[in-house]
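Architecture at a glance
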Amino acid sequence: GGIPVARVLGSVVRFKDGTKGIVSLDGKVELKDLKLACLYIDIGTDSEDETRAKVKVGDYAVYAQETFLQGNKLASPYLDDRIACVVLLGALERITNPKNDLYFVFSVQEEVGTRGAKTAAYGIDPTYGMAVDVTQSGDTPEFYPKMECKAGDGAAIKIMDSSVICHPKVVEFLKNTAKEAGIKHQTEVLLAGGTDAGPMQVTRSGVYTGAISIPTRYVHNPVEMCDIRDVQACIDLCVKASEISL
């Protein structure tokens, strides 16, 4: 969901059986007119029969770009939203005495309608809901509109995005928890885009909802980048929040 067409061009992708290809441009198209329909995947075959023997209509391909750590910055495909899974797993390793009943949900299809979160929240019927996701990082030259969140400035506590206005009680709880624990944090206002916090908030009779975000550069691009110090801060905040009765 949400593929930036111009930035996909030239990317290496991989199919389930290991077949790789390069995203290429079909014909001469001006950048302003570029659409997903103008692209194709070249898997290096010499005929239609050879191509159909390797791939068929409906097959999935994923980005196959390099993953690397340079300084404190981690670059990899699909940090949105694999890095949030890392945060949840890191918190699960450390939580020993939760003050509330906790449900950790690794949901699917957030990008195509928040479908996993809708069904999970309906089934669990929580009192409080916390989404963990990436957010835009406004510290690159081309970023627009202006955003205060920056990679390296700590866990981002969401105020709002296109899908949710977080409950003030939850926002203050997360802020106070971070301050008291000495966890580096910042606040997030995301003008475009949403998370699983949206459907959680309107589940059944309503849920007190908030979100913890990892500032990430180049979201939805073939390679995304975050700061591992922010990832650790998000883990720390999840752990500390679990230790406090809401």
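You'll find the structure just up there.
So, here is what we can say about the structure in this document.

Scoring rules and cut-offs
- Residues numbered from 1 in each chain as written.
- Predicted model: local features only at pLDDT ≥ 70, side-chain atom pairs only at ≥ 80, totals over all residues.
- Heavy atoms only, no water.
- Helix = DSSP H or I, 4+ residues; strand = E, 2+ residues; numbered from the N terminus.
- Expected span 1.5 Å × (residues − 1).
- Buried < 20%, exposed > 50% of the residue type's maximum accessible area, 1.4 Å probe, protein only.
- Contact = heavy atoms within 4.5 Å.
- Pairing = 2+ DSSP bridges.
- Axes fitted to C-alpha atoms, helices over the stretch in contact; angles between N-to-C directions.

What about helix 5 (residues 168–181)?
Two residues of an α-helix separated by three or four positions point the same way, owing to the 3.6 residues in each turn. For helix 5, which comprises 14 residues, the first-to-last C-alpha distance of 20 Å matches the rise-based estimate of 20 Å (1.5 Å per residue) to within 8%. Residues of helix 5 that are buried include every one of Val170, Val171, Phe173, Leu174, Lys175, Thr177 and Ala178, and no others. Its buried side turned inward, helix 5 meets strand 7 (128–136), strand 8 (155–160), strand 9 (185–189), strand 10 (208–217) and helix 7 (228–242). Directly beyond the C-terminal end of helix 5, a positive phi value near 70° is found at glycine 182.

Looking at unusual backbone geometry
For the bond running from aspartate 80 to aspartate 81, omega is 15°, close enough to zero to count as cis. On the secondary structure map, aspartate 81 appears in helix 3 (residues 79–94). Backbone geometry places aspartate 125, a non-glycine residue, at a positive phi of 55°. With respect to the element layout, aspartate 125 can be found in the loop between helix 4 (115–124) and strand 7. Given the relative accessible area of 40%, aspartate 125 is considered partly exposed.

Overview of the sheet that holds strand 3 (residues 39–42)
Strand order in the open sheet made by the four strands is 3-2-1-4, with antiparallel pairing throughout. Of all strands in the sheet, those with a lone pairing partner are strand 3 and strand 4 (61–63), marking the two edges. Ignoring which end each strand starts from, the neighbouring axes of this sheet average 40° apart. Relative to strand 2 (residues 20–25), strand 1 (residues 12–15) is paired through three bridges, and the arrangement is antiparallel. Across the sheet, the residue bridging to arginine 14 is lysine 20, located in strand 2.

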